[in-house]
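# Architecture and fold: a report
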Amino acid sequence: KKSIEIMIDVYDYHGIEDAQEKITQLKKIYFELVKKAQDILPKNKSKRKSSHFWTLGKLLYDFNRSIKNKFEITNYNSAIVRDFGLYQASQVAQIVQFGEFFKKKDISDKIPMSTYLELIWKASTFKKSGILEKEKKRLLQRAKDKTLPSHKEYREELNEMVKTTN
């Protein structure tokens, strides 16, 4: 079993008061996060549901906020992929945004993660335009009514919405 290590640049080390204590604290928090993630995400990737990814996204979002301006993790996405059993580093940002822009009430396992990703990619734009909450409700209603489009069709719908809001 691999151990996770934290390395710090000597230059940075001298600028941090109680550096060893802070690193120990960061490792503890990170290991707790990894343990929670392992408990949330099924090892069998085909059994992972949107709610699993949202819970993980919320954990990562909260973790990021807690270490902001304290530490910079240079290989963060790679570490998350390795330690959390995700598919690829490019997913990490979307999963964090899922936890940032969505509440638990916005999540339904009837909606595939690929469909949520389409909305996540537009979340900042929709939030600025004031239509994100309305679109989340519409998506949930479509899941309830069993009228969900494919994620590609949904992407086209969202692209049209972006054009009309700009």
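I will try to describe carefully the structure that is included in this document. All of these numbers come straight from a predicted model, not from anything done at the bench.

With that settled, consider the pattern of salt bridges. Under the definition given, this model contains 13 salt bridges. The salt bridge involving R65 is made with D62; its shortest N-O contact spans 3.9 Å. Taken together, the positions of R65 and D62, both in helix α3 (residues 50-67) and 3 residues apart, correspond to about one turn of that helix. Of the residues examined, R65 reaches a relative accessible area of 53% and is grouped as exposed.

Where α3 contacts helix α4 (residues 76-84), the axes come no closer than 14 Å and their chain directions differ by 140°. Relative to α4, the element α3 is oriented oblique. For α3 against α4, the interelement crossing comes out right-handed. On α4, the residues that touch L56, L60, F63 and N64 of α3 are Y76, I80 and F84. The residue inventory of the contact of α3 with α4, partitioned by class, reads 6 nonpolar, 1 polar and no charged.

Position of S108 relative to the elements: it lies in the loop between α5 (90-101) and α6 (113-120). The buried category is assigned to S108, whose relative accessible area is 16%. Within polar-contact distance, the side chain of S108 engages the backbone nitrogen of K110 at 3.1 Å.

Quick look at the environment of W121 now. Structurally, W121 is set in the loop between α6 and α7 (123-129). Each C-alpha atom of the pair W121 and L158 lies 9.7 Å from the other, and the pair is 37 residues apart in sequence.

Bringing the packing of aromatic side chains into the picture now. According to the stated counting rule, one finds 5 aromatic pairs in the structure shown. With 6.4 Å between their ring centres and 50° between their planes, Y30 and F84 make a pair best called tilted. Separated by 54 residues along the polypeptide, Y30 in helix α2 (residues 19-40) and F84 in helix α4 bring together distant segments of the chain. The same class applies to Y30 as to F84, namely buried. Between F98 and F102 the ring centres are 5.1 Å apart and the planes differ by 65°, which places this aromatic pair in the edge-to-face class. Judged by its relative accessible area of 2%, F102 is buried. Feature note: the residues Y30, F63 and F84 constitute an aromatic cluster, connected by ring pairs. It is K136 that lies over the ring of F102; its NZ or CZ is 5.0 Å from the centre.

About the thresholds
Residues numbered from 1 in each chain as written. Predicted model: local features only at pLDDT ≥ 70, side-chain atom pairs only at ≥ 80, totals over all residues. Heavy atoms only, no water. Salt bridge = Lys/Arg side-chain N within 4 Å of Asp/Glu carboxyl O. Helix = DSSP H or I, 4+ residues; strand = E, 2+ residues; numbered from the N terminus. Buried < 20%, exposed > 50% of the residue type's maximum accessible area, 1.4 Å probe, protein only. Axes fitted to C-alpha atoms, helices over the stretch in contact; angles between N-to-C directions. Parallel < 35°, antiparallel > 145°, perpendicular 65-115°, else oblique. Left-handed = near helix turned anticlockwise from the far one by under 90°. Contact = heavy atoms within 4.5 Å. Nonpolar A, V, L, I, M, F, W, Y, C, P; charged D, E, K, R; others polar. Polar contact = N/O pair within 3.5 Å; in protein donor to acceptor, adjacent residues only side chain to side chain. Phe/Tyr/Trp six-rings, centres within 6.5 Å; stacked < 30°, edge-to-face > 60°. Lys NZ or Arg CZ within 6 Å of the ring centre and 35° of its normal.

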